[in-house]
Protein chains: 4
Amino acid sequence: MKNTFGESVSVTLFGESHGETIGAVLDGLAPGVIADDAFIGLKLSQRRPQGSVSTKRVEPDRFRIVSGVYNGKTTGAPICIQIPNENVKSDDYTRLRELARPGHADYTARMKYHGFEDRRGGGHFSGRLTAPLVAVGAIAISALRARGIEIGTHVQKCAGISDDGFGDLNKDIAYLNTQTFAVLNDAKKAEMIAAIEDAAQRNDSVGGVLETAVIGVPAGVGEPWFDTLEGVLSHALFSIPAVKGVEFGAGFAIADMKGSEANDALRAENGKVTAITNHNGGINGGISNGMPIIFRCAVKPTPSIGISQETVDLNSMENAEIEVAGRHDPAIVHRARAVVDSISALVLCDQLALRFGTDWLGGHA
Amino acid sequence: MKNTFGESVSVTLFGESHGETIGAVLDGLAPGVIADDAFIGLKLSQRRPQGSVSTKRVEPDRFRIVSGVYNGKTTGAPICIQIPNENVKSDDYTRLRELARPGHADYTARMKYHGFEDRRGGGHFSGRLTAPLVAVGAIAISALRARGIEIGTHVQKCAGISDDGFGDLNKDIAYLNTQTFAVLNDAKKAEMIAAIEDAAQRNDSVGGVLETAVIGVPAGVGEPWFDTLEGVLSHALFSIPAVKGVEFGAGFAIADMKGSEANDALRAENGKVTAITNHNGGINGGISNGMPIIFRCAVKPTPSIGISQETVDLNSMENAEIEVAGRHDPAIVHRARAVVDSISALVLCDQLALRFGTDWLGGHA
Amino acid sequence: MKNTFGESVSVTLFGESHGETIGAVLDGLAPGVIADDAFIGLKLSQRRPQGSVSTKRVEPDRFRIVSGVYNGKTTGAPICIQIPNENVKSDDYTRLRELARPGHADYTARMKYHGFEDRRGGGHFSGRLTAPLVAVGAIAISALRARGIEIGTHVQKCAGISDDGFGDLNKDIAYLNTQTFAVLNDAKKAEMIAAIEDAAQRNDSVGGVLETAVIGVPAGVGEPWFDTLEGVLSHALFSIPAVKGVEFGAGFAIADMKGSEANDALRAENGKVTAITNHNGGINGGISNGMPIIFRCAVKPTPSIGISQETVDLNSMENAEIEVAGRHDPAIVHRARAVVDSISALVLCDQLALRFGTDWLGGHA
Amino acid sequence: MKNTFGESVSVTLFGESHGETIGAVLDGLAPGVIADDAFIGLKLSQRRPQGSVSTKRVEPDRFRIVSGVYNGKTTGAPICIQIPNENVKSDDYTRLRELARPGHADYTARMKYHGFEDRRGGGHFSGRLTAPLVAVGAIAISALRARGIEIGTHVQKCAGISDDGFGDLNKDIAYLNTQTFAVLNDAKKAEMIAAIEDAAQRNDSVGGVLETAVIGVPAGVGEPWFDTLEGVLSHALFSIPAVKGVEFGAGFAIADMKGSEANDALRAENGKVTAITNHNGGINGGISNGMPIIFRCAVKPTPSIGISQETVDLNSMENAEIEVAGRHDPAIVHRARAVVDSISALVLCDQLALRFGTDWLGGHA
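Criteria and cut-off values
Residues numbered from 1 in each chain as written. Chains lettered and ligands numbered in written order. Predicted model: local features only at pLDDT ≥ 70, side-chain atom pairs only at ≥ 80, totals over all residues. Heavy atoms only, no water. Least-squares fit on C-alpha atoms with pLDDT ≥ 70 in both. Contact = heavy atoms within 4.5 Å. Axes fitted to C-alpha atoms, helices over the stretch in contact; angles between N-to-C directions. Helix = DSSP H or I, 4+ residues; strand = E, 2+ residues; numbered from the N terminus. Parallel < 35°, antiparallel > 145°, perpendicular 65-115°, else oblique. Left-handed = near helix turned anticlockwise from the far one by under 90°. Pairing = 2+ DSSP bridges. Buried area = accessible area lost by both parts, 1.4 Å probe. Salt bridge = Lys/Arg side-chain N within 4 Å of Asp/Glu carboxyl O. Polar contact = N/O pair within 3.5 Å; in protein donor to acceptor, adjacent residues only side chain to side chain. Phe/Tyr/Trp six-rings, centres within 6.5 Å; stacked < 30°, edge-to-face > 60°. Buried < 20%, exposed > 50% of the residue type's maximum accessible area, 1.4 Å probe, protein only. pLDDT = per-residue confidence, 0-100.

Engineer: Help me understand the relation of the copies chain B and chain D in this model?
Structural biologist: Note on the chain copies: they are related by a rotation about an axis and a translation along it. It takes a turn of 180° to lay chain B on chain D, together with a shift of 0.0 Å along the axis; the resulting RMSD is 0.0 Å. The operation mapping one copy onto its partner corresponds to a two-fold rotation axis. Across chain B, the smallest distance between a C-alpha and the rotation axis is recorded for T12 of chain B, namely 3.8 Å. A shared interface surface links the copies, since 100% of the contact residues of chain B are contact residues in chain D too.

Take a look at the structure:
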């Protein structure tokens, strides 16, 4: 399946950057979960462009829940959330119609869709499609929260500047979820913003790394092969435009450790098994071990830049130069944060429903 | 689904480390693909334990194709390859029956299977299960090869020692596929082996990074959302035991680049579009662009070590110490190489069959 | 997955009878397929209530294609078609809120959704949800038509009155697709309508059988096990509310035949193999044989009737009597016809895309 | 996916009629379910050829559970059951190699597999493949039984002779499960057997109808759209070779009823809702209502007959005559009974695991 993901709880995505409406269908979520407009709005605001460090195309994201919610609670039927495209300026892109933008999907889309693709504003490939994902993800986050599961993500690195690491996760997650540009150390945040603004002034862009912690997932969720918790999370995370790497626990750094360092020793306390360290990021053999689930996503710099680049005219097949005009983000890592939260929540809802049944997230089992 | 992966071309895995037989079912592959016993044997030999740098449990891997192949070619029906477990010594593990081995899935298996799991030798979680994956993967590799697609993987890093990077991919891939301990620079290989032996002597283990290149995949394969080529590859790769990170192209390093560095400029040559650099690893917007597909997997050090570690007795729930006796690998990164090749081939066969139909890989379309 | 069906070409359904909007997402269809508003409107009109033989709730079905179509052709991205609910009168159902309507899903919905379900007008269970299915199905029908595949369905039986059987399929299919109440023999149609009106006057309802023929499907589509063409078609057809039986070829009548009668003898003509009879309905071993695919669906009488029936108040769990007030259909078999056409088209598009690749239906392969 | 069916609990099939081994992998079943060799053997014996009314190819069905069962109980890992082909006589089929057998899949297999298919004894299409399905299904039946769910099937019709209808389901199901040729009325069974023997003597074959009852399925299982309980059951049932129709409850007869007859009035007794009649076969809106689930499968006469039929030589494409020599069944409806039981059990295990989680069938939730 192409624009649908998940087995017991699934999400289907539709829409284009400059089309009439974008939306997502969240299906299979337990009945009785709170769907709070204010909370959905809050999550959308965390994804929305933010002043000097983002694109000038600011959408109000006036979402409408058109199905699956009744009297403020999920019914068990598919939840469709739609967001109209309001601030559309297709003219900026007219000149790009034939020139493939480097780092974008223009050329690959042509090879797949034979020129029938809607190229305006990136069409179906646009990062704008993550807005409805964030919206339905907000309901998934609410469902998890009611079962004591919390997700928090910070900009662990941006433009080469590193944030502090996670400390007290309960506190850090709570804090991050109130932040728009989510960083644990305020001084680092200021440095990051300055670096983004600097790149913007030079018509360039920067990337970064997002680090996520999930607490409260019970042990015993995930599969030994194929549908490992790492596998299903990464599968979904890589569909966030610009993500080029996903790692769990110590990630690539674990490759340089000794077994005696990498293994997380276990300890029993009050009849519960915990790990003394968490280099495995809360997952052993593909299955949650009850420790915080920790992962990081590498986010590449926005490919739309105002600097001249070599490219090809896909119609004439002649070499050309391109400067991408229009409104673009000098960085998206801070905006992608809300998408990572939502996608993680959707995947976890699916895994939990598969493990404990379709009633569990609604509190009926 | 749990032990099955893929849509048009799928693989199903079964068996336990100390059970009677392990096996895999490869389904949906085009009819008419060569299934060459010698080539399957070669790939299995690349996964088999290798002298001083591996476990002393050496299995002959006497595989049998029990279905789906007739007169040396695939029939289009499911191909089941089985490998009996011959060199089984369950006694070594008797003492471990109650002690959860740190870094292993013993505790998570207990939480998922409530003690009914077959714990002998890691049971269904054992890396031994990758042998039938390699065997069916060899047929997938043959199918790709007949369409001009080649896969090569090298130990890019082991015990902190780095191999040379890829150069001429045609030559490098051809070379790597003849090697058992696949490294591009022989001097580096010697250093790595010495480091593994050193770790073995101290009853410890080391990890590493595998880097893979795939050439010949046509542009236009993969999906913009969810079933991005990165997403489906990573999903499958994370089910290789010990993989804790997957990155494409420049991967995590891309997070520190500027857009002007990360974007791969395009050029038309002889009516074909190519990228001047390949920081995106052959994939834009989730879809292949015709450039080599490049990715890396972080492989953690083998968790079975002879050094004393803290753990828990899962029956009494008391704290304890464990030294994992038995025959284990001081490193598995070099053996995991064949698994990465096979899993990549299986995923690509699936994606190509979805894109071009079920006849394409057999050359009938 | 719950409200999504199909692998390469899939459909996702959302909405409730009295909600804001109902819709469907058609995903995976080849780029370049014509999406003709007039044709979609025609198919919707064939499903719409028809005078005396239908409900008084007549919806204009003002559909909007909000994504996936650009310049009148499919782009390859998901196609979302929405239809607002305009003629909603929830008051009629107020009294039913606690009384389970016999033959309906009120009680089973309560057991599944714990009372959170939107019960207004049947909510997500309403036959109204078939309108967007018909709309996206119309595009699937267009795609098939461009490849020479045509689908036609007639009311083979209604209220016990049988239509004539299929004769010249090319002519019959062409004729049926121009009809609203699709019957081959006009005299029989008049009898059926009289029987429906008679039932309506007695506040009762009648059922019927739909018979479908599909011509032009190439031989070699379908799977021997599980995803047999019969299996995937029936899977989808049974989701049409009121369908309680599906049979292929001679169907249940084949049970009484001898092998020598049931087998379809083969004959070669002009290098093509055809069957002399078609008791197997165009499918052998789960795979199309190039003959017309023939199947029938049993459609039960509408469960909403104005006659008093015993039932239970789901809140008090006390026995009660119910007469279903409101606007209902004395028969739906004639309206279900358009749904059968659309669902069959969606399933066949999926099977053909799986078999021949994602470009085939768009004519690019 | 092709030879795999199910989402949470799935089955994968492999093997050919004259290959080395046939088998099935049952995956996702809860840990702790009893896997009783004697019970598996009993179910296999119900599928095995039976004296004068069956083929002379009698296989001992020496099954081996090679994975997923430890100490007599399921472990939660995939269960692979294998059955070697022992009584293989490929010579009988030599002359058929080019002649497509009418009613069989020879021609469709050729169109799908381009001549690479293993045609010996029908290859992967052979009804012999149902033996491993029955074997793994026996474990699924055991799992259901432990939760109070029982399945029974009788030959409701054979060669035009009808058995009595179901009466007391508890008693009838218990009785049927002890029978090899499962009929409720002994006199009818004798008539059926005589009719089969009569057909056999004339080198012809007969068909029949199987009727199945499932008791104990809790209300609230199944989905409103697509994955209706009817849809998923029929999907699987149609993969039983020779099944050409599936109907639920009153089935095709419901088409002739009035709404006032077809609706099942409800009644509350002891805080439980039951239906007074069961014309809907235990399913409303695709979801179980707690009543017995009732369905019927039409089974066509065995296509292998010794009477001369017209056909085509697939190599020369010339018209020809064929009399199918070899050992074949004059009827298979009585043998298909065990397959229907097993497939129904597999589908229900899947649906129950999806609904109530992966522990429910093992009694851990």
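Having seen it, we continue.
Engineer: I'm lost on the packing of helix α1 (residues 37-47) of chain A against helix α3 (residues 130-146) of chain A in this one. Help?
Structural biologist: When two helices pack together, their arrangement is captured by the angle between the axes and the distance separating the axes. All names here are of chain A. Taken N-terminus to C-terminus, the directions of α1 and α3 make an angle of 130°; their axes are 9 Å apart at the nearest point. If you check the angle between α1 and α3, you find them oblique. As for the relative orientation of α1 and α3, their crossing is right-handed in sense. In this structure, α1 uses F39, I40, K43, L44 and R47 to contact α3, whose residues at the interface are T130, A131, V134, A135, A138, I139, I141, S142 and R145.

Engineer: Help me out: how do you make sense of the pairing of strand β18 (residues 318-322) of chain C in this one?
Structural biologist: Two faces belong to every sheet, and in a regular strand the side chains alternate between them. All names here are of chain C. Pairing analysis gives five bridges linking strand β17 (residues 309-313) to β18, with the strands arranged antiparallel. Its bridge partner lying in β18, D313 is registered against E318. In sequence, β17 turns back onto β18 through a hairpin of four residues, with M317 there showing a positive phi of about 60°.

Engineer: Which parts of the structure should I look at to understand the sheet that holds strand β3 (residues 21-27) of chain A?
Structural biologist: Strand-to-strand pairing in sheets goes through backbone hydrogen bonds, with the strands running parallel or antiparallel. Ordered in space as β1-β2-β3-β7-β4 (chain A), the five strands form an open sheet in which the pairing is antiparallel. The open sheet is flanked by β1 (4-5) and β4 (64-67) of chain A, the only strands paired with a single partner.

Engineer: What should I look at first to understand the relation of the copies chain C and chain D in this one?
Structural biologist: Least-squares fitting of chain C to chain D yields an RMSD of 0.0 Å, with the superposition described by an axial translation of 0.0 Å and a rotation of 180°. Interface overlap between copies is the fraction of interface residues in one copy that are interface residues in the other; for chain C against chain D it reaches 99%, indicating a shared surface.

Engineer: Whenever I open this one, the interface of chain C and chain D confuses me. Can you help?
Structural biologist: Often, the extent of an interface is quoted as the loss of accessible area upon association of its parts. Listed as interface residues are 103 residues of chain C and, on the opposing side, 102 residues of chain D. Buried surface at the junction of chain C and chain D, both sides included, amounts to about 8300 Å², of which 61% is carbon and sulfur. For chain C, the biggest contributors to the area lost against chain D are W225, F226 and K244 of chain C; these three give 12% of the whole. Our count for the contact surface shared by chain C and chain D stands at eight salt bridges. Linking K112 of chain D and E223 of chain C is a salt bridge whose minimum nitrogen-to-oxygen distance equals 3.0 Å. Inspection of the chain C/chain D interface yields 50 residue pairs in polar contact (both at pLDDT 80 or more). The element best represented in the side of chain C that touches chain D is strand β11 (residues 243-248) of chain C, accounting for six residues.

Engineer: How should the interface of chain B and chain D be read in this particular structure?
Structural biologist: Opposite the 45 residues of chain B that make contact, chain D presents 45 residues. When the two sides are added together, the surface that chain B and chain D hide from each other amounts to roughly 3600 Å², 57% of it contributed by carbon and sulfur. Contact with chain D buries area across many residues of chain B, yet M1, Y70 and F116 of chain B alone supply 18% of it, more than any other trio. Seen at the junction of chain B and chain D, the total is two salt bridges.

Engineer: What should I look at first to understand the packing of aromatic side chains in this one?
Structural biologist: Both the distance between ring centres and the angle between the ring planes are used here to describe each pair of aromatic rings. In the structure shown here, the tally under the stated rule is 22 aromatic pairs over all chains. Taking 5.2 Å as the distance between ring centres and 90° as the angle between the ring planes, the aromatic pair formed by F238 of chain A and F248 of chain B counts as edge-to-face. Of this pair, F238 of chain A sits in the loop between α6 (229-237) and β11 (243-248) while F248 of chain B sits in strand β11 (residues 243-248), on two different chains. Accessibility expressed as a relative area gives 2% for F238 of chain A, which makes it buried. Classification of F248 of chain B by relative accessible area gives buried; the value is 0%. Residues F5 of chain C and F226 of chain D carry aromatic rings whose centres are separated by 5.7 Å and whose planes lie at 25° to one another, so their mutual orientation is stacked. Linking F5 of chain C in strand β1 (residues 4-5) with F226 of chain D in the loop between β10 (208-215) and α6 (229-237), this pair reaches from one chain into another. Here the two residues F5 of chain C and F226 of chain D agree in accessibility, since each one is buried.

Engineer: Is there a simple way to think about the pattern of salt bridges in this case?
Structural biologist: Between side chains of opposite charge, a pair can form when the charged atoms approach closely. Per the counting criterion, the structure on display carries 76 salt bridges over all chains. E211 of chain B is the partner of R296 of chain B in a salt bridge, and the nearest nitrogen-oxygen pair spans 2.7 Å. With a gap of 85 residues between them, R296 of chain B in strand β16 (residues 293-299) and E211 of chain B in strand β10 (residues 208-215) connect regions that are remote in the sequence. Overall, the relative accessible area of 9% leaves R296 of chain B in the buried class. Between R120 of chain D and D118 of chain D there is a salt bridge, and its shortest N-O distance comes to 2.8 Å.

Engineer: Would you explain the environment of S10 of chain D in this entry?
Structural biologist: Examined against the element boundaries, S10 of chain D turns out to sit in strand β2 (residues 10-14). Those residues within four positions of S10 of chain D in sequence are excluded, and the remaining contacts are M1 of chain B together with T4, F5, V25, L26 and D27 of chain D.

Engineer: Explain the confidence of the model for chain A here, please?
Structural biologist: On average, residues of chain A score 95 in pLDDT, and 98% of them reach the 70 mark or higher. Scored by ipTM, the complex comes to 0.97, with pTM at 0.97.

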